[in-house]
Amino acid sequence: MRPPALLAIAVLALASAARLLAWDYEGHRAVNLTALASLPTNFPAFVKAPAARERIAFLAGEPDRWRNVPQDLPLKHAGSGDHFIDFEDFAPLGLTPDTVSDLRYIFTSQIFLARAAHPERFPSIDPEKNKDRTRELIGYLPWTIAESYARLKSAFSYLKAYEEAGGTPDEIANAHANIIYLMGVMGHYVGDGAQPLHTTKYYNGWFGENPHGFTIDRKFHSWIDGGFLGKSGGLNLTQLEQQVKPALRLSTVVGPTARDPIFDHAMNYLVAQFAFVEPLYALEKAGKLKSENPESKEGKTFLETQIVSAGHMLGSLWLTAWQEAPPDTYLRAQLLTRQSKSAK
Ligand SMILES: [Zn+2]
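Residues numbered from 1 in each chain as written. Predicted model: local features only at pLDDT ≥ 70, side-chain atom pairs only at ≥ 80, totals over all residues. Heavy atoms only, no water.

- An unreviewed UniProt entry annotates the protein as Nuclease of Nibricoccus aquaticus.

Observations concerning the coordination of the zinc ion
Phase 1: Within the protein, His 83 (ND1), His 188 (NE2) and Asp 192 (OD) serve as the donor atoms for the zinc ion, at 2.1 to 2.2 Å.
Phase 2: Within one chain, the residues donating to the zinc ion are spaced in sequence as H-x104-H-x3-D. Taken together, the positions of His 188 and Asp 192, both in helix H8 (residues 169-193) and 4 residues apart, correspond to about one turn of that helix. For the residue pair His 188 and Asp 192, the accessibility class agrees, reading buried in each case. (Donors = N, O, S within 2.8 Å, 3.2 Å for Na, K, Ca; no water. Helix = DSSP H or I, 4+ residues; strand = E, 2+ residues; numbered from the N terminus. Buried < 20%, exposed > 50% of the residue type's maximum accessible area, 1.4 Å probe, protein only.)

Some points on unusual backbone geometry
Phase 1: One non-glycine residue with positive phi stands out, namely Arg 133, at about 55°.
Phase 2: Its place among the elements puts Arg 133 in the loop between helix H6 (104-117) and helix H7 (141-164).
Phase 3: Classification of Arg 133 as partly exposed rests on a relative accessible area of 45%.
Phase 4: Even without being a glycine, Ala 258 presents a positive backbone phi close to 60°.
Phase 5: We classify Ala 258 as exposed; its relative accessible area is 61%.

Some points on the nonpolar core
Phase 1: Core analysis: the biggest nonpolar cluster contains 89 residues, and Phe 90 and Trp 318 have the highest contact counts within it.
Phase 2: For Phe 90, the contacting residues outside a window of four places in its chain are Ile 85, Leu 95, Thr 96, Pro 97, Val 100, Phe 107, Ile 138, Trp 143 and Met 267. (Core = buried A, V, L, I, M, F, W, Y, C linked by side-chain atoms within 4.5 Å. Contact = heavy atoms within 4.5 Å.)

Some remarks on the pattern of salt bridges
Phase 1: In total, this model carries 15 salt bridges according to the counting rule given.
Phase 2: Residues Glu 171 and Arg 338 are paired through a salt bridge, measuring 2.8 Å at the closest nitrogen-oxygen approach. One end of the pair, Glu 171, is in helix H8; the other, Arg 338, is in helix H14 (residues 329-343), and 167 residues separate them in sequence.
Phase 3: Taking the relative accessible area as the measure of exposure, Arg 338 reaches 36% and is therefore partly exposed.
Phase 4: Here Lys 288 and Glu 298 are joined by a salt bridge, their closest N and O atoms 3.1 Å apart. With a gap of 10 residues between them, Lys 288 in the loop between helix H12 (277-285) and helix H13 (296-324) and Glu 298 in helix H13 connect regions that are remote in the sequence.
Phase 5: Assessed through its relative accessible area of 21%, Lys 288 is described here as partly exposed.
Phase 6: Overlapping salt bridges bring together Asp 82, Arg 104 and Glu 147 as one network. (Salt bridge = Lys/Arg side-chain N within 4 Å of Asp/Glu carboxyl O.)

Regarding the packing of aromatic side chains
Phase 1: Applying the stated rule across the entire model yields 18 aromatic pairs.
Phase 2: Centre to centre, the rings of Tyr 140 and Trp 143 are 6.1 Å apart; their planes meet at 80°, and the pair counts as edge-to-face. The same class applies to Tyr 140 and to Trp 143, which are both buried.
Phase 3: Among the aromatic residues, those joined into a ring-pair cluster are Phe 87, Phe 90, Phe 107, Tyr 140, Trp 143, Phe 263 and Phe 274. (Phe/Tyr/Trp six-rings, centres within 6.5 Å; stacked < 30°, edge-to-face > 60°.)

Structure follows, in C-alpha cells:
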C-alpha cells in the first residue's frame, strides 16, 4: 500500500499537471438522466428501459475515465481538448466564435498558422509541461458536440434501415446498443459545457489582472465540479427531472454563418455558458458557494439550473438526431438485395 502522504502528493501532482475533470460523476449522471426525462413520449422506448437508462447514466462519466490514464499521450493529445473551450483565446488567434471553421482540422490549422504568423501574441510554452502537445490548443468542445450529434444521427439512420428493410433481431439489438452508447458518451460533453469553468481560461481560479478580486484558489474548479454540491446535500434527481424543460427539435436550417447548424447550436449554447463565468466567480466572492453559509442556497440553485439546462440541451440534440436521421439508403439497398436473394 502506498503511504497516504505520498498518495496525496501524487494526487496533487496530477491535479496541477492537467486540466481537472468536469462535474463529478454524480453531476454528469444527473445531466444524462434529466435529458432522458426531457424526451417526448414518442421517442424510441428502448432508451428508457431500466438497463438502458442505467447504461446511459453510467456512460456520462466515460470520457473522464479516458482521462485517468495520463501516461497515454496519443489519447491525451486527441481527447483532452474535447472537454472545454477557452473563449478568451479566440482573439489572439484572430478568430471569433461566429466565424471560426466548423471543421476540426481546419480550425486546428488556423491555430498553428496564427501562432506562426504572430508568435509575440502567445506566451511561451515549457516543453516539459507540454508532452501531449495540447498547450497550443484552446479546446474543441463545440466540435466534439457537433461530431457526437452526427454519429448519433448516423446510428438512428441505420436503425431505421434495419427496422424498415428486414434487419435481423441481432442487427436491431446492435443498433440499439450503439445508440445507447453514443447518447451516453455525448451527454458527457454537453454536461461539461454547462460547467462555466469549461468555457474559460480562468478554469481554475483567476490569474493576471484581477479587477474584481476573484478567487485565485487552485481548488475552485474541483469545488464547483462536485465538492460544494457534495457538502450541500448532493443533487435531488427527482427534482431536477421535474424542472427540465421538454426537449425541442433544433432547427437544421443553415444560418448566416453558413456552418453546420448543429455546430452553431453547440457554439451558441457554450457562448451562453461563458456569460456565467464572472457571475460564478462573483457568487464565490459573495460567500454563496460556501456550504456552511445560509446564502449558499443561491449557489446551489445556480449549479442545479446549469445541470437542468444541460439536460434540456442534450435532450434536444438527441431528439433532433432521431427526427432528422434519414434511413441509411446504402444499407437499405443492401438489405433489400439480401431479402430478395433469400426469397429465391
Ligand atoms: Zn469532461
